[in-house]
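Chains, contacts and geometry: an overview
Chain by chain, the residues:
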Amino acid sequence: MFVILIFLFTTISYGYSEQKDYSRYKKFYVNHANESIYRYMIDLAESHDNLDFWLLARNTSIILVPPELDNEMQQELENIGAVYKDTLLAVEENQICEERCEPYRSKRQSTGFFNNFHRYDAIVQYLQFLAAKYPDHAKFDSVAKTAGGRHLAVLRIAPYRRVGKKLVYIQGGSHAREWISISTVLYFVTELLENFNYYQNYLKGIEIGVVPVLNPDGYEYTHTRDRLWRKNLNFPPGGYCRGVDLNRNFGFKWGYIGASRNPCSEVYSGRLPFSEAETEWVRRYLVNNQYRTKLVIDVHSFGKYLFYPWGYQLGSAPTKATLHQIGQQVAKAIYKYRGTKYSVGTASQLLYKAAGGLDDYAYGALGVPLSYTFELPGSSFRNNPRDIIPIGKETTAGFIEFIKIVNGLS
Ligand SMILES: [Zn+2]
């Protein structure tokens with residue numbers, strides 16, 4: 001009965017057209033002064049599906065707490081002696097205007113595309129526009145079909161559309177609410193195509209496959225119903241909560257740790273590895289190109305981290321020294337633009353252990369030599385549109401550094 005009631009409630013609440021109201025939610029910043037507080041926060045994340053951990057790092061965590069858990073949360077933190085700060089989300093983010101703001105004018109007036117965040121249809125049209133404008137170097141494809149009936153948009157970039165000996169795969173937007181990851185990947189492809197002559201020396205023999213929005217259903221949902229939605233929108237058969245965390249659905253050490261079997265969890269791993277149309281398409285694409293794929297990049301926000309495998313365990317990857325050194329080189333290229341400092345390491349060390357991400361899968365199951373995850377700058381999933389260009393530019397510098405390195409690989 002309980003299950004049926006929840007099902008009815010969620011179904012009805014989706015019937016409203018307004019956005020989910022977060023005005024009474026609080027954002028807690030917790031200082032992990034010692035290992036035991038860090039461990040405690042990991043336990044809390046695993047045992048409380050209704051606490052939304054925006055960040056869970058070694059030394060700090062950021063948690064979104066619903067009003068009904070506010071007192072309990074404060075009590076728990078005081079009991080363990082943790083130093084924390086809490087603010088109303090609405091107060092902290094009242095300076096952020098993402099949509100329908102005063103028009104922000106950038107220098108890149110040619111399209112004005114990077115003055116704002118865009119809906120999925122507009123992004124697809126933009127990618128088609130780029131492919132039509134640069135037919136020698138870019139091709140648009142529409143692939144897979146999500147639970148919501150949307151297709152994934154792929155842009156393939158290769159000099160004179162030759163089949164590259166080496167493939168680079170880049171994806172953004174696997175978590176619906178991380179809008180800046182999408183605009184950043186779009187900025188990169190735009191920069192590359194608009195200045196192709198400048199970059200073409202690095203691109204010889206290289207093909208780049210780009211999926212700026214891996215989770216279009218979830219992304220649209222963040223625009224229409226729930227700005228802080230993370231997962232896709234798939235309903236498991238007979239389930240009462242929707243959505244699979246695509247970042248826990250890749251089939252390497254799937255479900256081993258840091259993922260949940262509970263469909264209501266923010267880190268639900270899905271029924272099976274690659275149960276989702278989005279991840280299954282990525283699997284097929286990478287398997288079909290297994291031996292020429294040299295670099296895989298998964299873009300997320302936030303925290304200024306550059307991760308390499310392993311995410312699922314603390315033990316070192318066989319080529320850890322190389323992965324680390326290349327990561328540092330890329331972080332340095334980003335730093336040069338405006339001083340943004342990334343931490344380079346494994347997610348298992350810098351955050352917590354979690355299995356089912358693209359980076360571990362590409363490296364561990366397919367032997368892709370360079371496999372990384374970006375967590376872009378910020379302290380929220382919401383960004384002012386004026387962040388789009390600087391974050392786009394500095395991250396593009398990092399991607400280009402990666403491509404130069406791939407160019408030098410045998
Ligand atoms: Zn993410």
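Residues numbered from 1 in each chain as written. Predicted model: local features only at pLDDT ≥ 70, side-chain atom pairs only at ≥ 80, totals over all residues. Heavy atoms only, no water.

The protein chain goes by Peptidase M14 domain-containing protein in an unreviewed UniProt entry, where it is assigned to Hermetia illucens.

1. A short note on the overall build of the protein chain
The number of helices and strands found in the protein chain is 13 helices and 12 strands. Taking 410 residues into account, the globule formula puts the C-alpha radius of gyration at 22 Å, and the protein chain, at 21 Å, falls close to it. Overall, the protein chain is about 60 × 45 × 45 Å in size when its C-alpha atoms are taken along their principal axes. Counting all 410 residues of the protein chain, 55% fall into the buried class. Put simply, 75% of the contacts in the protein chain that link residues at least 6 apart link residues at least 24 apart. (Helix = DSSP H or I, 4+ residues; strand = E, 2+ residues; numbered from the N terminus. Rg over C-alpha atoms; globule rule 2.2 N^0.38 Å. Buried < 20%, exposed > 50% of the residue type's maximum accessible area, 1.4 Å probe, protein only. Contact = heavy atoms within 4.5 Å.)

2. Examining the coordination of the zinc ion
At this site the zinc ion is bound by H175 (ND1), E178 (OE), E178 (OE) and H300 (ND1), with donor distances of 2.0 to 2.4 Å. Every donor counted, the 4 donor atoms about the zinc ion form angles of 57 to 146° at the centre, which fits irregular coordination. In primary-sequence terms, the residues that donate to the zinc ion follow H-x2-E-x121-H. What makes H175 buried here is its relative accessible area of 2%. (Donors = N, O, S within 2.8 Å, 3.2 Å for Na, K, Ca; no water. Tetrahedral: all angles 85-135°; square planar, octahedral: opposite > 155°, others 65-115°.)

3. Some details on the sheet that holds strand 8 (residues 206–211)
The mixed open sheet is built from 8 strands, whose spatial order is 5-6-8-7-9-12-10-11. At either end of the open sheet lies a strand with only one pairing partner, and these are strand 5 (138–143) and strand 11 (343–345). Going across the sheet, the axis of each strand differs from the next one's by a mean of 15°, ignoring polarity. In the sheet, strand 6 (residues 152–157) pairs with strand 8 via 3 bridges, with the strands oriented antiparallel. Within strand 8, the position partnered with I157 by the bridge is I208. Its contacts with the sheet place helix 6 (residues 179–194) against strand 5, strand 6, strand 7 (166–171), strand 8, strand 9 (293–301) and strand 12 (370–376), and it is angled at close to 30° to strand 6. Taken strand by strand, helix 9 (residues 277–288) contacts strand 5, strand 6, strand 7, strand 8 and strand 9, and its axis lies near 170° from that of strand 7. (Pairing = 2+ DSSP bridges. Axes fitted to C-alpha atoms, helices over the stretch in contact; angles between N-to-C directions.)

4. Thoughts on the sheet that holds strand 4 (residues 83–88)
As summarised here, the arrangement of the 4 strands in space is 2-3-1-4, forming an open sheet in which the pairing is antiparallel. The open sheet has two edge strands, strand 2 (52–56) and strand 4, and neither has a second partner. Between one strand axis and the next, the sheet turns by 15° as a mean value, whatever way the strands run. Pairing of strand 1 (residues 26–31) with strand 3 (residues 60–65) involves 6 bridges; the strand directions are antiparallel. Residue pairing for strand 3: V30 is matched across the bridge by S61. This element, helix 2 (residues 35–47), spans strand 1, strand 2 and strand 3 of the sheet and lies at about 145° to strand 2. Across the sheet, helix 3 (residues 70–79) touches strand 1, strand 3 and strand 4, and the angle it forms with strand 1 is around 5°.

5. Considering helix 13 (residues 388–408)
Relative to the 30 Å expected for 21 residues at 1.5 Å per residue, helix 13 spans 30 Å between its end C-alpha atoms, a close match to the ideal helical length. Within helix 13, 15 of the 21 residues are buried, which leaves the element mostly enclosed by the surrounding structure. (Expected span 1.5 Å × (residues − 1).)

6. Brief notes about the UniProt feature "domain: Peptidase M14" (unreviewed entry) in the protein chain
Residues annotated in UniProt with the feature "domain: Peptidase M14" (unreviewed entry) correspond here to residues 116–406. End C-alpha to end C-alpha, residues 116–406 measures 32 Å, and it is 37% helix and 16% strand. (UniProt positions renumbered as here; feature names shortened; annotations may be inferred.)

7. Concerning unusual backbone geometry
A cis amide bond links S301 to the next residue, F302, at an omega of 20°. Within the fold, F302 resides in the loop between strand 9 and strand 10 (305–307). Its identity is not glycine, yet K253 carries a phi of approximately 55°, on the positive side. Among the structural elements, K253 can be located in the loop between helix 8 (216–224) and helix 9. Although it is not a glycine, K304 adopts a positive phi angle of roughly 60°.

8. Focus: the environment of V154
Mapped onto the secondary structure, V154 falls in strand 6. A relative accessible area of 0% places V154 in the buried class. Spatially, the C-alpha atoms of V154 and E78 are 49 Å apart, while their sequence positions differ by 76 residues. In contact with V154, other than residues within four places in its own chain, are K139, F140, D141, V143, V210, V211 and W281.

9. Some thoughts on helix 12 (residues 358–365)
Summarising burial for helix 12: 6 of the 8 residues are buried, a large majority. Where helix 12 is buried, its residues touch strand 7, helix 9, strand 9, strand 10, helix 10 (320–338) and strand 12. Directly beyond the C-terminal end of helix 12, a positive phi value near 70° is found at G367.

10. Section: the state of the cysteines
A complete count under the given rule lists 1 disulfide for this structure. Between the sulfur atoms of C241 and its disulfide partner C264 the distance amounts to 2.1 Å. Where C241 bonds to C264 through sulfur, the torsion about that S-S bond is close to 90°, and the disulfide is right-handed. A residue pair is termed long-range when its members are at least 10 positions apart, and C241 in the loop between helix 8 and helix 9 and C264 in the loop between helix 8 and helix 9 qualify at 23 residues. By relative accessible area, C241 is classed as buried at 15%. For C264, a relative accessible area of 27% translates into the label partly exposed. (Disulfide = S-S within 2.5 Å.)

11. So, the packing of aromatic side chains
Enumeration according to the criterion identifies 31 aromatic pairs in this entry. Here W281 and Y285 contribute two aromatic rings whose centre-to-centre distance is 4.8 Å and whose plane-to-plane angle is 15°, an arrangement assigned as stacked. Remark: Y285 and W281 occur in helix 9; sequence separation between them is 4 residues, near one turn of the helix. Y285 shares its class with W281; the two are buried. The structure contains a cluster of three or more aromatic residues connected by ring pairs, namely F188, Y308, Y342, Y372, F374, F399 and F402. A cation over an aromatic ring shows up here: K85 above the ring of Y29, its NZ or CZ 4.8 Å from the ring centre. (Phe/Tyr/Trp six-rings, centres within 6.5 Å; stacked < 30°, edge-to-face > 60°. Lys NZ or Arg CZ within 6 Å of the ring centre and 35° of its normal.)

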